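Commentary on secondary and tertiary structure
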Amino acid sequence: QNELYKEKNLTIETERAKNALEKQVKELNARIVDLESNALADNKGPTRRLESRIEELSSQIEAELKEKNEAVKNARKAERLIRELQFQLQERDKQKSRFDEETEKMEQRLKRMKTQIEEMESSESNLQLAKRRAEREASELKERATRFEKECEKLKQRLERGA
């Protein structure tokens, strides 16, 4: 924005210089006409000096006009560049906003996934505890079944002996 302000000031100054130069050109042209009319009335010697002076002033005016035109051209280029840079800046701001939105969505998704993982780990832990409990109970039941079979066998043997 600072560059934009500088470029605008340069454009304004250039326009002022242009107007001043155009005014100066008009004044010089009027002066040339006066000098030419005076020169015709006077001798031809001073006329040659005036003509050379006129040519010199005309050359200066042309040079100043070229400089002014170049300055105006440069100011326009600078304004165009500023507009392009502002557009690029707006596009980058839009991209940043989209990126920030995507980042926020991804962070929320990550939080949901972490919560699901924690729930699954807790569920897994509970299932492992239940599995161990069931295995222990199954082992105890096997041992009881084995004891009952042995007792049953002993009772059968007693019955057979007693019969």
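This text follows the structure it describes.
Residues numbered from 1 in each chain as written. Predicted model: local features only at pLDDT ≥ 70, side-chain atom pairs only at ≥ 80, totals over all residues. Heavy atoms only, no water.

So, on to the overall build of the protein. Of regular secondary structure, the protein possesses two helices and zero strands. The globule rule puts the C-alpha radius of gyration for 163 residues at 15 Å, and the 52 Å found for the protein is more than 25% above it. The principal-axis extents of the C-alpha atoms in the protein amount to approximately 175 × 20 × 15 Å. Evaluated residue by residue, the protein yields a buried proportion of 10% over its 163 residues. Counting every atom, the protein has about 14700 Å² of accessible surface; 51% of that belongs to carbon and sulfur. Averaging the locations of the 39 positively and 37 negatively charged side chains of the protein gives two centres separated by 5 Å. (Helix = DSSP H or I, 4+ residues; strand = E, 2+ residues; numbered from the N terminus. Rg over C-alpha atoms; globule rule 2.2 N^0.38 Å. Buried < 20%, exposed > 50% of the residue type's maximum accessible area, 1.4 Å probe, protein only. Areas by Shrake-Rupley, 256 points an atom, 1.4 Å probe, with all protein chains shown as cover. Lys, Arg positive; Asp, Glu negative; His and termini not counted. Charge placed at Lys NZ, Arg CZ, Asp CG, Glu CD.)

The subject of this paragraph is a negative patch on the surface. The grouping of Glu118, Glu119, Glu121 and Glu124 at the surface amounts to a negative patch. Looking at the secondary structure, you find glutamate 124 in helix α2 (residues 44-162). (Patch = residues over 30% accessible without salt bridge, like charges linked within 9 Å, V, L, I, M, F, W, Y side chains within 5 Å. Salt bridge = Lys/Arg side-chain N within 4 Å of Asp/Glu carboxyl O.)

Take the side chain of lysine 68 next. Mapped onto the elements of the fold, lysine 68 is located in helix α2. The residues touching lysine 68, leaving out its near neighbours within four places in the chain, are Thr14, Lys18 and Leu21. (Contact = heavy atoms within 4.5 Å.)

Turning our attention to the layout of surface pockets. In this structure, the largest pocket encloses a volume near 230 Å³. Gln1, Glu3, Leu4, Ile82, Leu85, Gln86, Leu89, Gln90 and Asp93 are the residues that line the largest pocket. Within the residue set of the lining of the largest pocket, elements represented by two or more residues are α1 (2-41) and α2. Among the elements that make up the lining of the largest pocket, the one with the highest residue count is α2 (six residues). Here the residues of the lining of the largest pocket are counted per class, giving four nonpolar, three polar and two charged. (1 Å grid on protein atoms, 1.4 Å probe; cavity = no way out; pocket = protein on both sides within 12 Å on 5 of 7 lines; lining within 4 Å. Points joined across faces, edges and corners; volume = space filled by probe spheres on them. Nonpolar A, V, L, I, M, F, W, Y, C, P; charged D, E, K, R; others polar.)

Note on placement: threonine 14 falls in helix α1. Owing to a relative accessible area of 8%, threonine 14 belongs among the buried residues under this scheme. A polar side-chain atom of threonine 14 sits 2.6 Å from the main-chain carbonyl oxygen of leucine 10. Residue contacts for threonine 14: discarding those within four places in its chain leaves Lys68, Ala71 and Val72. (Polar contact = N/O pair within 3.5 Å; in protein donor to acceptor, adjacent residues only side chain to side chain.)

In this section: the environment of leucine 28. By secondary structure assignment, the location of leucine 28 is in helix α1. Relative accessible area serves as the criterion here: at 11%, leucine 28 is assigned to the buried category. Considered as a pair, leucine 28 and glutamine 1 are 27 residues apart in the sequence and their alpha carbons are 40 Å apart. When sequence neighbours within four positions are dropped, the list of residues in contact with leucine 28 reads Leu57 and Ile61.

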